[in-house]
Amino acid sequence: MRQRWADYRVFWREFRQQYHTTGALLPSGRALAFALARFVRDGAPHVAESAAADSEMAVSPRLPHASSRRILEVGPGTGAVTGQIIRAMRPSDRLFLVERNEQFVAQLRARLANDPTFASVTERIEILHASVEDLPENEPYDLIISGLPLNNFSVDSVARIFAKLRRLLAPGGTLSFFEYVAVRKAKSLVSRRGERERLRRVGRLFDDLLAKHEARRDLVLANVTPAWVHHVRFRARSTEQGVRPPAPRAPPPAPCHDESSYD
Ligand SMILES: C[S@@+](CC[C@H](N)C(=O)[O-])C[C@H]1O[C@@H](n2cnc3c(N)ncnc32)[C@H](O)[C@@H]1O
């Protein structure tokens, strides 16, 4: 309980001082954190459940049998979701937290020293004080869980981050992230034209990504602001991943150099 109040205090302060990157008044509630950690808990992706499952889905050679997974949490804040991830981790999984705000980094380090849940994985957790945009891409992650407040960011920034997360994810891995229900609609109602246009274009990036790659979504009503949790698995880019593509139904799209679209 004391921990929770300490987290609320830090969050509220950072919300006021760094609204743009903090994006929420309070840390995520337990139900939202639980939903975000679904694939840490459940292991291999539930391809059969997936709305998007089809023969083009990339199947990782390492995921179903892998006993050790590399898990990345982006924007852990005070660690509300991190706790759920840790509880769901397998004994040899490794967890990397990338957080740009130094106040949150200090809070996470304090939890690592004092919170028994965090301390239970001291040897297998790494806190990276950095922006996700700057992470090296040489060792991909099997699971990525993101708490970034993407709806606050510029269109270019959202496009860059989606593309970056895709590059950071191992083939067949799952990216889980959330957005508050109807958040863009609600913000648009009280925004000026320029801001409405930004939200509309950010919404198109979400729609495009989710239409092509969403494997599952969970609605979490038991959160201060209800939220959708999106779970995304990128389809193989056939040549990159050595998967034979199915016979094309339509002419293949031109190579995409514009990061505002995802294929
Ligand atoms: C909405 S809060 C989510 C915090 C926590 N995951 C939760 O659900 O309670 C967003 C977090 O993302 C962090 N953040 C924002 N932009 C970031 C970036 N480019 N790279 C890494 N962290 C970032 C913020 O500092 C903040 O901790």
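On a predicted model such as this, the values are computed, not experimentally measured, just so you know. (Residues numbered from 1 in each chain as written. Predicted model: local features only at pLDDT ≥ 70, side-chain atom pairs only at ≥ 80, totals over all residues.)

The next thing to look at is unusual backbone geometry. Unusually for a residue other than glycine, Ala182 sits at a positive phi of about 60°. Take Ala182: it is sitting in the loop between strand S5 (169-180) and helix H9 (183-189). (Helix = DSSP H or I, 4+ residues; strand = E, 2+ residues; numbered from the N terminus.)

On to the environment of Glu197. Within the fold, Glu197 resides in helix H10 (residues 193-213). With 42 residues separating them in the primary sequence, Glu197 and Val155 have C-alpha atoms 9.7 Å apart.

Bringing the sheet that holds strand S6 (residues 214-220) into the picture now. Sheet strands pair by backbone hydrogen bonding; their relative direction is either parallel or antiparallel. Taken in spatial order, the seven strands of this open sheet run S3-S2-S1-S4-S5-S7-S6, and their pairing is mixed. The sheet is open, and its two edges are formed by strand S3 (125-129) and S6, each paired on a single side. For this sheet, the mean inter-axis angle between neighbouring strands, taken without regard to orientation, is 15°. Sheet analysis places S6 next to strand S7 (residues 227-232), joined by six bridges and oriented antiparallel. Bridge assignment links Arg217 to a residue of S7, and that residue is His230. Docked against the sheet, helix H6 (residues 102-114) engages strand S2 (94-99) and S3, running at close to 160° with respect to S3. (Pairing = 2+ DSSP bridges. Axes fitted to C-alpha atoms, helices over the stretch in contact; angles between N-to-C directions. Contact = placed C-beta atoms within 7 Å.)

Turning to H10, a few remarks are in order. End to end, H10 covers 30 Å across 21 residues, agreeing with the expected 30 Å (1.5 Å per residue, within 8%). By the burial criterion, the buried members of H10 are Arg198, Val202, Leu209 and His213. Viewed end-on, H10 has its buried residues packed into an arc of 30°, placing them on one side of the element. Facing away from the buried side of H10, by more than 90 degrees, are the exposed residues Arg193, Arg200, Asp207 and Ala211. (Expected span 1.5 Å × (residues − 1). Buried ≥ 20, exposed ≤ 12 C-beta atoms within 10 Å, placed from the backbone. Arc of directions from axis to C-beta.)

Our next topic: the site of the ligand. Pro27, Ser28, Gly75, Gly77 and Gly147 are the nearest of the 23 residues found near the ligand. Going through the elements one at a time, helix H2 (19-22), helix H5 (80-88) and S2 are the ones with two or more residues in the shell around the ligand. For the shell around the ligand, the class distribution of residues is eleven nonpolar, nine polar and three charged. (Near = placed C-beta within 6 Å. Nonpolar A, V, L, I, M, F, W, Y, C, P; charged D, E, K, R; others polar.)

Another aspect to go through is the confidence of the model for the chain. For the chain, per-residue confidence averages 85 on the pLDDT scale, and residues scoring 70 or more make up 81% of the total. Here residues 45-62 is modelled with pLDDT under 50, and outside its nearest four sequence neighbours on either side it reaches 37 contacts, counting other chains as well. Between residues 239-262, whose pLDDT stays under 50, and residues either more than four places distant or in other chains, the model counts 25 contacts. (pLDDT = per-residue confidence, 0-100.)

Among the nonpolar cores identified, the biggest contains 51 residues, and Leu36, Ile85, Tyr141, Ile144 and Leu169 are the most heavily contacted of them. Excluding residues within four positions of it along the chain, Ile144 makes contact with Leu72, Val74, Leu165, Leu168, Leu169, Gly173 and Leu175. (Core = buried A, V, L, I, M, F, W, Y, C linked by C-beta atoms within 7 Å.)

One ladder, built from five bridges, connects strand S1 (residues 70-74) with S2; its direction is parallel. Looking across to S2, one finds that Leu72 is bridged to Phe96. In the classification by handedness, the crossover that spans S1, the intervening H5 and the parallel S2 is right-handed. (Right-handed = clockwise from strand over helix to strand, strands pointing away.)

Quick look at the pairing of S1 now. Counting buried positions over the five residues of S1 gives four, a clear majority of the element. By the bridge criterion, four bridges tie S1 to strand S4 (residues 141-146) in an arrangement that is parallel. Bridge assignment links Val74 to a residue of S4, and that residue is Ser146.

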